Amino acid sequence: VDRQLVERARGGDHAAFEALAIGISSRLYAIARLILRDTHLAEDAVQEALVNIWRRLPQLRDPERFDAWTYRLVVNACGDVGRGRKRMAAEVHLLTSPGSAMDSSADVADRDQLERGFRHLRPEQRVAVVLHYYVGLTANEVAEVTGEPVGTIKSRIHYATETMRAALEADERPGSAAGTPA
Amino acid sequence: MNDGRPIEERITHWLEQEAPDDVPNFVLESAFARTQSLPQERPSFAPPRLRLFVPSRRAVLLLAAALLGVALIGAAFVGGAFRRPTNLLNEIHQQDRIRIAVRPDHPQAAIGSIAEGFDIDVGNELASRLGVRIDLVIVDEQTMLAPGAPAWDVALPSTAGWQIDAGSFQQSISYYDWPHRLIVPAGSTANALRDVAGGPICAVTGDPSEEWLRGGYGGTNSSPAAMSVITRQTDADCLSALASGDAVAAVTAWLSDADIHVLADVRVIGGPDAESRTVVVHRSSATAADPTDLLSAVDDALVSMRTDGTLKRLSQSRFGGADLTTP
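Notes on the structure follow.

So, how was this worked out
Residues numbered from 1 in each chain as written. Chains lettered and ligands numbered in written order. Predicted model: local features only at pLDDT ≥ 70, side-chain atom pairs only at ≥ 80, totals over all residues. Heavy atoms only, no water. Helix = DSSP H or I, 4+ residues; strand = E, 2+ residues; numbered from the N terminus. Buried < 20%, exposed > 50% of the residue type's maximum accessible area, 1.4 Å probe, protein only. Contact = heavy atoms within 4.5 Å. Areas by Shrake-Rupley, 256 points an atom, 1.4 Å probe, with all protein chains shown as cover. Axes fitted to C-alpha atoms, helices over the stretch in contact; angles between N-to-C directions. Parallel < 35°, antiparallel > 145°, perpendicular 65-115°, else oblique. Left-handed = near helix turned anticlockwise from the far one by under 90°. Pairing = 2+ DSSP bridges. Expected span 1.5 Å × (residues − 1). Bend = angle between axes of the 7 residues up to and from the residue. Polar contact = N/O pair within 3.5 Å; in protein donor to acceptor, adjacent residues only side chain to side chain. Buried area = accessible area lost by both parts, 1.4 Å probe. Salt bridge = Lys/Arg side-chain N within 4 Å of Asp/Glu carboxyl O. Nonpolar A, V, L, I, M, F, W, Y, C, P; charged D, E, K, R; others polar. Disulfide = S-S within 2.5 Å. Core = buried A, V, L, I, M, F, W, Y, C linked by side-chain atoms within 4.5 Å. Phe/Tyr/Trp six-rings, centres within 6.5 Å; stacked < 30°, edge-to-face > 60°.

Some thoughts on the overall build of chain B
Phase 1 of the analysis: Per the secondary structure count, chain B includes 11 helices and 12 strands.
Phase 2 of the analysis: When burial is assessed residue by residue, chain B has 42% of its 327 residues classed as buried.
Phase 3 of the analysis: Sequence-distant contacts in chain B: of pairs separated by 6 or more residues, those separated by 24 or more amount to 75%.
Phase 4 of the analysis: When the accessible surface of chain B is totalled, it reaches about 16800 Å², and 55% of it is carbon and sulfur.

A closer look at the overall build of chain A
Phase 1 of the analysis: Along chain A, the regular secondary structure elements total eight helices and zero strands.
Phase 2 of the analysis: Of the regular secondary structure in chain A, the N- to C-terminal order runs α-α-α-α-α-α-α-α.
Phase 3 of the analysis: Burial status across chain A gives 52% buried among its 182 residues.
Phase 4 of the analysis: Expressed as a percentage of contacts within chain A between residues at least 6 apart in sequence, the contacts between residues at least 24 apart total 65%.

Focus: unusual backbone geometry
Phase 1 of the analysis: The amide bond that connects H106 of chain B to the next residue, P107 of chain B, takes the cis arrangement and shows omega of 5°.
Phase 2 of the analysis: Along the chain, P107 of chain B falls in the loop between β1 (97-102) and β2 (108-111).
Phase 3 of the analysis: With a phi close to 55°, R37 of chain A is a non-glycine residue in the positive phi region.
Phase 4 of the analysis: Secondary-structure assignment places R37 of chain A in the loop between α2 (14-36) and α3 (39-56).
Phase 5 of the analysis: For R37 of chain A, a relative accessible area of 7% translates into the label buried.
Phase 6 of the analysis: Even without being a glycine, S158 of chain B presents a positive backbone phi close to 50°.

Some words on the packing of α2 of chain A against helix α6 (residues 123-135) of chain A
Residues and elements named next belong to chain A.
Phase 1 of the analysis: The contact between α2 and α6 brings their axes to 9 Å, and the two run at 135°. Taken together, α2 and α6 sit at an angle that is classed as oblique. Every pair of crossing elements has a handedness; the one defined by α2 and α6 is right-handed. In this structure, α2 uses R27, A30, I31, L34, I35 and L36 to contact α6, whose residues at the interface are R126, V127, V130, L131, Y134 and V135.

Describing the sheet that holds strand β7 (residues 182-185) of chain B
Residues and elements named next belong to chain B.
Phase 1 of the analysis: Here we have five strands laid out as an open sheet, ordered β9-β8-β10-β7-β11, and mixed in their pairing. The open sheet has two free edges, formed respectively by β9 (229-232) and β11 (266-270), since each of these has just one partner strand. Adjacent strand axes in the sheet meet at a mean angle of 35°, parallel and antiparallel pairs treated alike.
Phase 2 of the analysis: Pairing geometry for β7 and β11, over four bridges, is antiparallel. Each residue of the ladder has a partner; that of L182, found in β11, is G270.
Phase 3 of the analysis: Helix α8 (residues 235-244) rests against β7, β8 (201-204), β9, β10 (249-251) and β11 of the sheet, and its axis sits at about 170° to β8.

Description of α2 of chain A
All names here are of chain A.
Phase 1 of the analysis: The terminal C-alpha atoms of α2, which comprises 23 residues, lie only 29 Å apart, well short of the 33 Å expected from a rise of 1.5 Å per residue.
Phase 2 of the analysis: Of all the bends in α2, the greatest measures close to 45° and is centred on I24.
Phase 3 of the analysis: Where α2 starts, the residue carrying a side-chain oxygen 2.9 Å from the main-chain nitrogen of A15 turns out to be D13.
Phase 4 of the analysis: The first or second residue beyond α2 is R37, which carries a positive phi of 55°.

Details of the interface of chain A and chain B
Phase 1 of the analysis: Chain A puts 58 residues into the contact, and the matching count from chain B is 50 residues.
Phase 2 of the analysis: Both faces considered, chain A and chain B share a buried interface measuring about 5000 Å² in area, 58% of it formed by carbon and sulfur atoms.
Phase 3 of the analysis: Where chain A packs against chain B, one counts two salt bridges.
Phase 4 of the analysis: R37 of chain A is paired through a salt bridge with E18 of chain B; the nearest N and O atoms lie 2.8 Å apart.
Phase 5 of the analysis: Of all elements in the fold, only α1 (3-10), α2, α3, α5 (105-119), α6 and α8 (150-172) of chain A reach the threshold of two or more residues within the side of chain A that touches chain B.
Phase 6 of the analysis: Ranked by residue count, the leading element in the side of chain A that touches chain B is α3 of chain A, at 13 residues.
Phase 7 of the analysis: Tallied by class, the residues present in the side of chain A that touches chain B amount to 26 nonpolar, 12 polar and 20 charged.

Notes on the state of the cysteines
Residues and elements named next belong to chain B.
Phase 1 of the analysis: Taken as a whole and judged by the stated rule, the model has one disulfide over all chains.
Phase 2 of the analysis: Note that C202 is cross-linked by a disulfide to C238, the S-S spacing being 2.1 Å. Linking C202 and C238, the disulfide has an S-S dihedral of approximately -75° and is accordingly described as left-handed. Placement of the pair is C202 in strand β8 and C238 in helix α8, with a sequence separation of 36 residues. In this structure, C202 and C238 share a single accessibility class: buried.

A short note on the pairing of β1 of chain B
Phase 1 of the analysis: As paired elements, β1 of chain B and strand β4 (residues 133-138) of chain B share six bridges and run parallel to each other. Bridging from a neighbouring strand, R99 of chain B pairs with D135 of chain B of β4 of chain B.

Section: the nonpolar core
Phase 1 of the analysis: Formed by 67 residues in total, the largest nonpolar core has its most connected members in F17, L50, I53, L57, F66, V129 and L131 of chain A.
Phase 2 of the analysis: F17 of chain A has contacts with A9, L50, I53, W54 and L57 of chain A together with F32 and T35 of chain B, leaving out every residue within four places of it along the chain.
Phase 3 of the analysis: The next biggest cluster of nonpolar side chains, apart from the first, holds 33 residues, and it includes Y175, L294, M305 and A322 of chain B.

Some remarks on the environment of E162 of chain A
Residue and element names in this part refer to chain A.
Phase 1 of the analysis: Here E162 shows up in helix α8.
Phase 2 of the analysis: Here E162 falls in the partly exposed class, since its relative accessible area comes to 31%.
Phase 3 of the analysis: The spacing of E162 and G117 is 45 residues in sequence and 9.3 Å in space, taken between C-alpha atoms.

Some thoughts on the packing of aromatic side chains
Remark: the centre distance and the inter-plane angle together describe each pair of aromatic rings, the angle taken between the planes.
All names here are of chain B.
Phase 1 of the analysis: The tally for this structure, following the rule as stated, stands at 11 aromatic pairs over all chains.
Phase 2 of the analysis: Ring plane angle 20° and centroid distance 5.9 Å describe the contact between W152 and F169, whose orientation is recorded as stacked. Of the two residues, W152 sits in the loop between α6 (141-144) and β5 (154-156) while F169 sits in strand β6 (residues 169-178), which places them 17 residues apart along the sequence. For the pair W152 and F169, one class covers both residues: buried.

Shown next, in the form of structure tokens:
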């Protein structure tokens, strides 16, 4: 992140904030969309996160921590909008999608089963999975973002991973029914 | 399919494939619009260090008694024992401003440097008829109706009245009725809901049209048949499902009759009753100004707008010539 932009935005410079926001919004949107599994809620979450980033920037002591700090705000926003609509746990009927021509058969199979496994995760487990496997944060860094003990985060990542592994293995067993609604 | 890759690698690969590309522009535009007038929260500085002193026991008891008295008086004020709630309509007239919340998307056509849309038109007309200037509060529907929502005097959430929390909000009379249409491919032989009851039927996730298919429309069991429902994020996604054969029919969420009319490859075969949409005020509370008179004034203004044709004109100008304001 551009430290000077953060400093200027922290001082109330709207142009600097907008430049910062444009730079980080795609990453925040991806995180929100992956956690919430809902395009509209993710859009709402990113908007709320950006507004909160603007409001609270003066309270950010170390500009070097900007990225991790924005992850915390978007994760919090996901919790807020998810609670508002209770969609994070909404039942979704999955259809086996044909996939694009670029997909390998392994990717298509993984996609459906991992999706199913992911939807069985609790919201806090989804957060840990997305920050760890997608953003690439260590368990310690995820703990810093979420403000929770490292042991708790490690446990969440472990159980979430096992849940998704089980979803894959269930499909790999002979006679399993692919495409069954979650 | 077990392709030998570790589970961690497969999860990472899946998440990277699932991640969307860029955030839609309107999200950034809405956030920037909101932050333009939003002050930043500056950190508070620690007060000057006070000299330490040890009070006597008598002083401590006196101080505790005084604090208890202040707390009781304060609680009585908060509880309304010494203060009648003020009248919100009077406050609005005194300030010569009304804060009207609208959502940035449907039924607004565009929000950029210039806000446009049906609810904004109605909000402007309401302010005009109340004789005050308008402050538009543009905020998404969930935030608008959530606890701790941004401050507004009236809101136009453009959502089904039965989905609004009656414990927190009061509603005006309906000012328009949004249709949900059951559509099938133009070449389908279906002519009614029963012809597609075997499904699957596509609905937009969380929309009242999904509730209709699942039997919860309007809070009542109004669905006439057991439905196989699939959900998608947008009307466009449902149209794609229709085109690909993943769904035999779809119920629209935000597509108006005018939108459907220009789609040559679908036709309408039914749908639920139109969804009544209302203006919303906060429910009365002991600590907030009383909105009762404001709600009556809004109702009067809406009746007047309906009687003189204003609502019809605004609807026709925003919804491709359709009048959604006449029940």
